[in-house]
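Commentary on secondary and tertiary structure
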Amino acid sequence: QLQSKVLILTICAAGIGGTFQYGYNISIINAPTAYIQTFMNQTWLERTGVPLESNVLLLLWSLTVSAYPLGGLVGALVAGPMAIVVGRKMSLLLNNVFVITAALLSGFSRMAKSFEMIMLSRFFTGVNAGVSMNIQPMYLAESAPKKLRGAVALTSASFTALGLVLGQVVGLRELLGGEESWPFLLASNAVPALIQLSALPWFPESPRYLLIDRGDKESCISALQKLRGSSDLSAELEEMLAEQAAVKGQRAKNPWELFRNPALRWQVLSVVVLSSAMQLCGNDSMYFYAAYVFREAGIPQHKIPYVVIGTGSCELIASVTCNMIIDYAGRRPLLLGGYIFMAGWAVVFMVALSQQTQISWMPYLSMACIFAYILSFGIGPAGVTGVLPTEVFDQLSRPAAYMICGSLLWFNLFLVGTAFPFIVKSLGHFCYVPFLVVCVCTALYVGFFLPETKGKSFLEISEEFKKRNFKGRPHVGFYKGPEEIKSTVL
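Residues numbered from 1 in each chain as written. Predicted model: local features only at pLDDT ≥ 70, side-chain atom pairs only at ≥ 80, totals over all residues. Heavy atoms only, no water.

For the chain, an unreviewed UniProt entry supplies the name GTR11 protein and the organism Pedionomus torquatus. According to UniProt, the comment filed for the chain under the heading Sequence similarities (unreviewed entry) is "Belongs to the major facilitator superfamily. Sugar transporter (TC 2.A.1.1) family." For the chain, the Subcellular location (unreviewed entry) comment in UniProt is given as "Membrane". (UniProt positions renumbered as here; feature names shortened; annotations may be inferred.)

What follows is the structure, given as structure tokens:
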């Protein structure tokens, strides 16, 4: 069917230059770590005549690494205004300017003998990832039919995992991970950007954005026809017109207005809890432990990068599986199951780490825990968290909600990255206790407070949250939806 092909191609065009870049840029920096540090030392030696002290070198490397989440935070904050002013699709296209600038900076850094260019490059790469992490799920969920909304928005997580794996593969010594080729490795993120710039302009803007934000009904119908083909659009258009009528006369909200609005109390709390938990659950720290555990299991040092690719592949397999089942299983079971399993594996992992040297088969159990933990994360929290802000907020609150969601995500990524080495130092084998507490608390919140959003229209979800926000209080009649629209002439 032509319309499903258009939707699939739209997903691919948005994904390749969108969340793919987030995963790809997280993993390509790992392979050339030692080479970049050597380059920093040599450059400093040439400039000043003295080599860098080890603690100063470590500080410079930490600044290079932390420039990425800092850029991500900036990207998350500018994504909201970009989505409102220039639209979802145009924001994704303009976003490639940041990553192409980053590619030029890192690609020419060795030639220019400037490690500062690498730091700046990582900052711009982070801005690109921050914008795409917010706008891509919004664009895709607004473009998808209701029955496929979860699966389509969740492709953002699949593209992140795909980027992670491809980054690990391209970073192998045999490809671009060697001493001579690391500037090309860091500049290779320009390729997905160029693919998106050549492909995405052919596909339509979000129909919801065109109708509700722009008030352009003709363009909305045209975009819907491209995405849905010749199928009957009247029911979907009715629902959009109902939402347009419900927000008529209002303007797009700011993040602080969401916190102050009692009608959005539970939505904001849900997004804050789940966005924070996504980074505070310890999944990224599993990658930190992977190389050590694999070495203890007797895998030769030169083979470890190939086994680490398996961890990224695990997340990819899990997110693709989640894609297939989210609109059947629902959002709550996947989130709940994911966090409960992660809590269980965290306990087993800590026991296995503490017995690593005593019992010969324990390193293999630790290895199994790493894969199981990453699978549990990928099957639920990794994807569903990014879908929820689209579903639980209306059109005018959605960009601000993603600004909150994205800011928390990047801040907590920075927090965990900074604090984890100290947690390991102080807690030793029991370093996963804080992550275990986060997983248990999040599972309890999802179990008791988060309503299911599967198969419901945006207005039905708003009505359900309205009941929770004003529990025990009579509230004014809420706009009931499509049946009140008398005419839907196309």
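Anyway, onward from the coordinates.
When its secondary structure is counted, the chain shows 24 helices and zero strands. At 23 Å, the chain has a C-alpha radius of gyration in line with the 23 Å of a compact globule built from 490 residues. Dimensions of the chain, computed from the C-alpha atoms along their principal axes, are close to 75 × 50 × 45 Å. For the chain, buried positions account for 55% of its 490 residues. Considering only residue pairs separated by 6 or more positions, the chain has 82% of its internal contacts joining residues 24 or more positions apart. Accessible surface for the chain amounts to roughly 20,400 Å². Of this, 69% is attributable to carbon and sulfur atoms. Charge separation in the chain, taken as the distance between the mean sites of 36 positive and 29 negative side-chain charges, equals 3 Å. (Helix = DSSP H or I, 4+ residues; strand = E, 2+ residues; numbered from the N terminus. Rg over C-alpha atoms; globule rule 2.2 N^0.38 Å. Buried < 20%, exposed > 50% of the residue type's maximum accessible area, 1.4 Å probe, protein only. Contact = heavy atoms within 4.5 Å. Areas by Shrake-Rupley, 256 points an atom, 1.4 Å probe, with all protein chains shown as cover. Lys, Arg positive; Asp, Glu negative; His and termini not counted. Charge placed at Lys NZ, Arg CZ, Asp CG, Glu CD.)

What follows covers the environment of G312. In this structure, G312 sits in helix α18 (residues 304-329). Measuring from C-alpha to C-alpha, the distance between G312 and L375 comes to 9.7 Å, with 63 residues separating the pair along the chain. Residues in contact with G312, not counting those within four places in the same chain, are A161, L164, V165, Q168 and Y287.

To continue, consider helix α4 (residues 54-85). An ideal rise of 1.5 Å per residue puts 46 Å on 32 residues; α4 measures up with 47 Å between its terminal C-alpha atoms. Two residues or fewer past α4, G87 is found with a positive phi of approximately 95°. (Expected span 1.5 Å × (residues − 1).)

Our focus in this paragraph is the packing of aromatic side chains. Under the defined criterion, the tally for this structure stands at 13 aromatic pairs. Among the aromatic residues, those joined into a cluster by ring pairs are W266, Y445, F448 and F449. Here the basic side chain of R122 rests over the ring of Y68, its NZ or CZ set 4.6 Å away from the ring centre. (Phe/Tyr/Trp six-rings, centres within 6.5 Å; stacked < 30°, edge-to-face > 60°. Lys NZ or Arg CZ within 6 Å of the ring centre and 35° of its normal.)

A word on the domain arrangement of the chain. One can read the domain layout of the chain as domain 1 (1-203) and domain 2 (253-471). For domain 1 versus domain 2, the distance between C-alpha centres works out to 21 Å. Facing 41 residues of domain 1, the contacting portion of domain 2 comprises 43 residues. Interface area for domain 1 against domain 2, summed over the two sides, is near 3,300 Å², with a carbon-plus-sulfur share of 67%. When the area that domain 1 buries against domain 2 is broken down by residue, the three leading residues are R149, L154 and Q168, summing to 18%. Taken together, the connections running from domain 1 to domain 2 amount to two salt bridges. Taken together, the connections running from domain 1 to domain 2 amount to nine residue pairs in polar contact (both at pLDDT 80 or more). Among the secondary structure elements, those contributing two or more residues to the side of domain 1 that touches domain 2 are α4, α8 (116-143) and α9 (149-170). Ranked by residues supplied to the side of domain 1 that touches domain 2, first place goes to α9 with 14 residues. Partitioned by chemical class, the residues of the side of domain 1 that touches domain 2 number 24 nonpolar, ten polar and seven charged. (Domains from an automatic or database assignment. Buried area = accessible area lost by both parts, 1.4 Å probe. Salt bridge = Lys/Arg side-chain N within 4 Å of Asp/Glu carboxyl O. Polar contact = N/O pair within 3.5 Å; in protein donor to acceptor, adjacent residues only side chain to side chain. Nonpolar A, V, L, I, M, F, W, Y, C, P; charged D, E, K, R; others polar.)

Before going further, it helps to spend a moment on helix α19 (residues 331-354). The terminal C-alpha atoms of α19 lie 35 Å apart, and with 24 residues this matches the ideal 34 Å at 1.5 Å per residue to within 8%. For α19, the complete set of buried residues consists of R331, L334, L335, G338, Y339, M342, A343, A346, F349, M350, A352 and L353.

With that settled, the discussion passes to the UniProt feature "transmembrane region" (unreviewed entry) in the chain. Within this numbering scheme, the UniProt entry marks residues 58-80, 92-112, 334-353, 365-388, 400-424 and 430-450 as carrying the feature "transmembrane region" (unreviewed entry). In residues 92-112, the share of helix is 90% and the share of strand is 0%. The end C-alpha atoms are 30 Å apart. The span residues 365-388 is 96% helix and 0% strand, and its two end C-alpha atoms sit 34 Å from each other.

In this structure, K113 takes a positive phi of about 55° despite not being glycine. Relative to the helices and strands, K113 is located in the loop between α7 (109-112) and α8.

In this section: the environment of P255. Inspection of the secondary structure puts P255 in helix α15 (residues 255-260). A relative accessible area of 15% places P255 in the buried class. Separated by 142 residues in the primary sequence, P255 and S397 have C-alpha atoms spaced 8.2 Å apart. What P255 contacts, discounting residues up to four positions off in sequence, is A400, M403 and I404.

Now for a nonpolar patch on the surface. Residues L427, F430, V433 and V437 make up a contiguous nonpolar surface patch of roughly 330 Å² in combined accessible area. Structurally, L427 can be placed in helix α22 (residues 398-427). L427 gets classed as partly exposed once you look at its relative accessible area, which sits at 38%. (Patch = residues over 30% accessible without salt bridge, like charges linked within 9 Å, V, L, I, M, F, W, Y side chains within 5 Å.)

Next up on the list: the pattern of salt bridges. In this structure the tally under the stated criterion is twelve salt bridges. Note that E391 is salt-bridged to R149, the shortest N-O span being 2.9 Å. Here the residue E391 occupies a position in helix α21 (residues 381-392), and R149 occupies one in helix α9, the gap between them amounting to 242 residues. You can call R149 buried: its relative accessible area is 3%. Between R331 and D327 there is a salt bridge; the shortest N-O distance is 3.0 Å.

On to the packing of helix α2 (residues 19-27) against α9, then. Running from amino to carboxyl end, α2 crosses α9 at an angle of 30°, the nearest separation of the two axes being 6 Å. When you trace α2 past α9, the crossing you get is right-handed. The residues of α9 that touch α2, namely those facing T19, F20, Y22, G23, Y24, I26 and S27, are S156, F159, T160, L162, G163, L164, L166, G167, Q168 and V170. Considering only residue class, the contact of α2 with α9 consists of nine nonpolar, eight polar and no charged. (Axes fitted to C-alpha atoms, helices over the stretch in contact; angles between N-to-C directions. Left-handed = near helix turned anticlockwise from the far one by under 90°.)

Our next topic: the nonpolar core. Core analysis: the largest hydrophobic core is formed by 68 residues, its most contacted members being Y339, W410 and Y432. Those residues in contact with W410, other than ones at most four positions away along the chain, are Y22, Y68, P69, G72, L73, A76, G126, A129, G130 and M133. In this structure, A14, F39, L52 and M82 belong to the second largest nonpolar core, which totals 40 residues. (Core = buried A, V, L, I, M, F, W, Y, C linked by side-chain atoms within 4.5 Å.)

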